[in-house]
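Residues per chain are reported as follows:
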Amino acid sequence: MFNLILFGPPGSGKGTQSEKLIAKYHLKHLSTGDLLRNEIAKQTPLGIEAKILMDKGNLVPDAVVIGMISDAIENNPGVEGFLFDGFPRTAIQADELDRLLSKKNTCINILLALKVSEEQLVQRLVKRGETSGRPDDHNEEVIRARIHEYNKKTATVCDHYQEKKKAAFIKGEGSVEEIFDRLCAEIDVLMKKNPS
Ligand code: AP5
């Protein structure tokens, strides 16, 4: 299996690049943001609770997202690998992900972290907010709260994988195609070194 974390702050292009990467490398896309929005759309108790936090730009509790990811891993046996998008977002989530994968005799191969300036992140999300209907894109204050939450609680997840020499930083500015080529270059080198 080849398991990849696509990492970066809100608006760094994780969702955009994930779509292209899963098509090229035949990975199963697991986005905790999408899973949570799906719960909100279905108005489940979990979705109703999560929405209150998400609309303010806060993280939802670790136990909630870990439970969702654990179920998703269990429900997708036989895949060629997972692309985790928006997960893990805390040190606890990273430890738990390692544990869940090791139970399946696999592990994270690489975390690719997209680097984008804060001003560009805000610009992208304000623009998307004009049409997306996502409440957390709705005003700049919430967008900045999401970035603050990332800096405070999530950025450190990189250290967890850097200590294991499993993290690489990718310039996340430029055209979607240019960024995709940079991501693929990292993945291709790794896949050549560790053919499955
Ligand atoms: P989530 O859905 O994960 O959102 P996010 O991290 O805030 O990321 P976005 O979807 O906003 O941005 P992205 O990096 O995917 O960029 P995108 O490709 O969309 O999380 C939402 C919320 O759910 C969290 O705030 C939290 O409350 C909760 N949550 C989720 N996971 C959690 C977890 N593990 N633990 C706890 N809580 C959790 O691009 C953004 C925009 O930029 C788009 O309009 C796109 O078209 C544009 N764009 C992309 N690339 C480029 C480019 N190269 N040039 C110009 N524009 C570009």
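Residues numbered from 1 in each chain as written. Predicted model: local features only at pLDDT ≥ 70, side-chain atom pairs only at ≥ 80, totals over all residues. Heavy atoms only, no water.

Undergrad: Give me the lowdown on the packing of aromatic side chains, citing residues and values where you can.
TA: Under the definition given, this model contains three aromatic pairs. Both rings, one in Phe82 and one in Phe84, keep their centres 5.7 Å apart while their planes meet at 40 degrees; by these two values the pair is tilted. Look at Phe82 and you get buried, because its relative accessible area is 2%. Note on Phe84: relative accessible area 0%, which makes it buried. Between Phe84 and Phe87, the aromatic rings sit 6.5 Å apart at their centres with planes inclined by 45 degrees, giving tilted as the arrangement. The residues Phe84 and Phe87 share a single accessibility class, namely buried. By the ring-pair criterion, three or more aromatic residues cluster together here, those being Phe82, Phe84 and Phe87. (Phe/Tyr/Trp six-rings, centres within 6.5 Å; stacked < 30°, edge-to-face > 60°. Buried < 20%, exposed > 50% of the residue type's maximum accessible area, 1.4 Å probe, protein only.)

Undergrad: Mind laying out the packing of helix H1 (residues 14-25) against helix H9 (residues 176-193), listing which residues take part and the relevant values?
TA: Their axes nearest at 10 Å, the elements H1 and H9 cross at an angle of 45 degrees. Comparing the axis directions of H1 and H9 gives the class oblique. The two elements H1 and H9 cross, and the hand of that crossing is right-handed. Facing H1, whose interface residues are Thr16, Gln17, Lys20, Leu21, Lys24 and Tyr25, H9 presents Val176, Glu177, Ile179, Phe180, Leu183, Cys184, Ile187, Asp188 and Met191. Residue composition of the contact of H1 with H9, by class: nine nonpolar, two polar and four charged. (Axes fitted to C-alpha atoms, helices over the stretch in contact; angles between N-to-C directions. Helix = DSSP H or I, 4+ residues; strand = E, 2+ residues; numbered from the N terminus. Parallel < 35°, antiparallel > 145°, perpendicular 65-115°, else oblique. Left-handed = near helix turned anticlockwise from the far one by under 90°. Contact = heavy atoms within 4.5 Å. Nonpolar A, V, L, I, M, F, W, Y, C, P; charged D, E, K, R; others polar.)

Undergrad: Give me the lowdown on the site of the ligand, citing residues and values where you can.
TA: Taken together, 30 residues sit near the ligand, with Thr16, Asn58, Arg89, Arg128 and Arg146 positioned nearest. Backbone polar atom of Ser12 to an oxygen atom of the ligand: 3.2 Å apart, as the coordinates give it. Between the ligand and Lys14 there is a distance of 2.9 Å, counted from an oxygen atom to a side-chain nitrogen or oxygen. Relative to its unbound accessible area of 1,000 Å², the ligand is 86% covered by the protein chains. No other element matches helix H2 (residues 32-41), which puts four residues into the shell around the ligand. Per-class residue counts for the shell around the ligand are 11 nonpolar, 11 polar and eight charged. (Near = heavy atom within 4 Å. Polar contact = N/O pair within 3.5 Å; in protein donor to acceptor, adjacent residues only side chain to side chain. Areas by Shrake-Rupley, 256 points an atom, 1.4 Å probe, with all protein chains shown as cover.)

Undergrad: A description of helix H3 (residues 45-56) should follow, citing residues and the corresponding values.
TA: Taken as a whole, H3 has its buried residues at Gly47, Ala50 and Met54. Angular distribution of buried residues about the axis of H3 spans 70 degrees; they occupy a single face of the element. Exposed and oriented more than 90 degrees from the buried face of H3 are Pro45 and Glu49. In this fold, the buried residues of H3 make contact with H2. Among the residues trailing H3, Gly57 stands out with phi positive, at a value near 90 degrees. (Arc of directions from axis to C-beta.)

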